[in-house]
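# Descriptive analysis of the structure
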Amino acid sequence: MMHSTVAEPDGMRYGRSSMRDTARHTERCHSIVLIGAPGPDKAGGRCQIRAMSDTVKSVFCTIVPPHVLDRLAQADDAARADLAQRTLEHDSLQRTRRRVTALRGVAAPAGTPSDSPQRTIYDAGHRATQPGKKVHSEGDAPSKDATVNRAHAGLGATFDLYLKAYGRHSIDDAGLPLDATVHYGQGYNNAFWDGSQMVFGDGDGDVFLDFTIPVDVIGHELTHGVTQHTANLEYYGQSGALNESVSDVFGSLIKQYALGQSADQADWLIGAGLLGPGIDHGVALRSMKAPGTAYDDDVLGKDPQPATMDDYVRTSRDNGGVHINSGIPNRAFYLVATALGGNAWERAGKVWYATLTGGELASDAQFADFARLTVASAKSLYGEGDEVQAVLKAWSQVGVPAS
Amino acid sequence: MRIVITRTGGFAGIERRAELDTNGRPDATHVQALAHRALAASPAEAASVRGVPDGFHYEIDVDGRTVHCADPHVSHDQRELIRLVLREGA
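Here the structure is a predicted model, which is why all the values come from computation and not from measurement.

Next up on the list: the overall build of chain B. When its secondary structure is counted, chain B shows 3 helices and 4 strands. Tracing chain B from N to C terminus, the helices and strands come up as β-β-α-α-β-β-α. Considering chain B as a whole, with its 90 residues, one finds that 66% of them fall into the buried category. Put simply, 51% of the contacts in chain B that link residues at least 6 apart link residues at least 24 apart. Accessible surface, chain B: about 3,100 Å² in total, of which carbon and sulfur atoms supply 48%.

Residue and element names in this part refer to chain A. Interhelical geometry of helix α8 (residues 237-259) versus helix α10 (residues 327-340) gives an angle of 40° and a closest axis separation of 8 Å. In this structure, α8 meets α10 at a crossing whose hand is right-handed. Here α8 contributes Leu242, Ser245, Asp248, Val249 and Leu253 to the contact with α10, which in turn contributes Pro329, Asn330 and Phe333. Of the residues contributing to the contact of α8 with α10, the split by class is 5 nonpolar, 2 polar and 1 charged.

Residue and element names in this part refer to chain A. A rise of 1.5 Å per residue sets the reference length of α10, with its 14 residues, at 20 Å; its end C-alpha atoms lie 20 Å apart and thus fit the reference within 8%. Counting buried residues in α10 gives 11 out of 14 residues, a clear majority hidden from the surface. Of all the positions in α10, only Gly327, Ile328, Pro329, Asn330, Ala332, Phe333, Tyr334, Leu335, Val336, Ala337 and Leu340 are classed as buried. Tucked inside the fold, the buried residues of α10 contact α8, α11 (347-357), α12 (367-382) and α13 (386-397).

A separate point is the nonpolar core. Grouped together as the largest cluster of nonpolar side chains are 83 residues, with contacts concentrated most on A:Phe250, A:Phe333 and A:Trp395. Element by element, the count of residues in this core is highest for helix α6 (residues 146-166) of chain A, at 10 residues. Counting contributing residues per domain, this core is built from domain 2 (63-96 + 254-403) and domain 3 (114-229) of chain A, each supplying no fewer than three. Every residue in contact with A:Phe250, bar those within four places of it in the chain, is listed here: A:Leu161, A:Tyr162, A:Tyr166, A:Thr223, A:Gly349, A:Trp352 and A:Tyr353. Formed by 28 residues, the second largest nonpolar core is a distinct cluster that contains B:Ile3, B:Ala18, B:Ala38 and B:Val52.

Calculation rules
Residue indices begin from 1 for each chain and proceed along its sequence in written order. Here chains are named by letter from A upward and ligands by number from 1 upward, in the order in which they appear as written. Reporting of local features is limited, given that this is a predicted model, to residues whose pLDDT is at least 70; pairs of side-chain atoms are given and counted only at 80 or more, and all residues count toward the totals for whole chains, interfaces and linings. Only hydrogens and water are set aside; all other atoms, that is, all heavy atoms of the structure, feed into the side-chain values. Each helix corresponds to a stretch of at least 4 residues labelled H or I by DSSP, and each strand to a stretch of at least 2 residues labelled E; elements are numbered beginning at the N terminus. Residue exposure (1.4 Å probe, protein chains only): buried if accessible area is under 20% of the type maximum, exposed if over 50%, otherwise partly exposed. Whether two residues touch is decided by their heavy atoms; if any such pair falls within 4.5 Å, the residues are in contact. Only the protein chains shown count as cover for residues, and all accessible areas are computed by the Shrake-Rupley method using a 1.4 Å probe. Only C-alpha atoms enter the line fits that serve as axes; for helices the fit covers just the stretch in contact. Angles between N-to-C directions range over 0 to 180 degrees. Should the near helix be turned anticlockwise from the far one by less than a right angle, the crossing is termed left-handed; should it be turned clockwise, right-handed. Only Asp, Glu, Lys and Arg are considered charged, only Ala, Val, Leu, Ile, Met, Phe, Trp, Tyr, Cys and Pro nonpolar, and every remaining residue, Gly among them, polar. Expected helix span is given by 1.5 Å per residue-to-residue step, counting one fewer step than there are residues. The criterion is simple. A nonpolar core is a set of buried Ala, Val, Leu, Ile, Met, Phe, Trp, Tyr and Cys residues joined through side-chain atoms within 4.5 Å. The split of the chain into domains comes from an automatic or database domain assignment.

As structure tokens, then:
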């Protein structure tokens, strides 16, 4: 594929490239663009390239990790950069800070919720609409559409882990029906939880494949629903990174439970199998075992996740780096799970689940708040023993105070 | 007319930014009209702009006028413009 043959000077990413480099860069982008978008508008593509060649500022048309763009925005003068940074953060906070409606305290319906999931899959028909046409119900025979079957199975795997490992009945612990929309948008490179249901894109087939492929992605998204119904962690800054981390933790546990893997057998990757043929150097989107090592590619950039607080990334982008700094609590969980051994969804998972759902975790919790509560959960579940020691040691290793 | 789209967030958390200049484009009139509609269609409610976990956020800048939107509350015109400029599914 074309981008494997183009060596990209580091300077280009920081906006200091020469005109010649910029021209080469835009040309490379053009190639990516045509592969990623099989649409009819190739004339538009040419005009776009001409326009960009006139612009010396480079980084258009590339997929750039937030930390790289932040460097771009930084001034040489440290004080000025700091001021600009704080302005950016404030601005971003005002603009994008959001709270998913708290559903805590809503009374569960009378009666015991079912021990079986109630799944429905809808097909958006490649339009950006929800829910779309109903194509599969709980009792139906498998569909001819593999995407529908994967979504159905992934919702089931998620329901299973929460019920069997933690006694939770669906997302709201009251038997919430699990709805998912597949084939959302055209070449749509994403999946999300919209507050009440799952939405999956097909990916563009180049950078990303179908988002129903990795079961941990399905588990990740549905866990956003669990968080919404429990601690309701604000999706910004450290509480947002905790929200993301909790989704990665249980997403990975759902995969491990489905595959019957113990902590030492698991790959601890998020999104393995999702990267398309356009990505030459990457195994997944995140690594809980070794944050920052999932990819290092000319299309995706380098995995920006830190593994410890020493490398915590301060940024206004991505809601304050919710997908970046989640690497720190992710690695803490990995360390606890591997220190204890056996199945990660058992002791380590129970400690994290009790922390998330116990009612003590504030919606604006910081890493240290979460860490302290995991210690308290470990003590209350298992007393003074290996579990508490493993939790304390893990947080210490990633540089988060837990006591 | 210069149109800059910045997309942030998403499951991958990877940012994407692209620019399009309508000068010299055979479809300049169409794209300019689309951009005007995309600006006008920005939802007034803050909740719509805040988006959802792992949802994409978009900043649409048209000659210095900027609007923000977030999945799934993106108008048809905004989505068409985003797809045209980012040249990727939206």
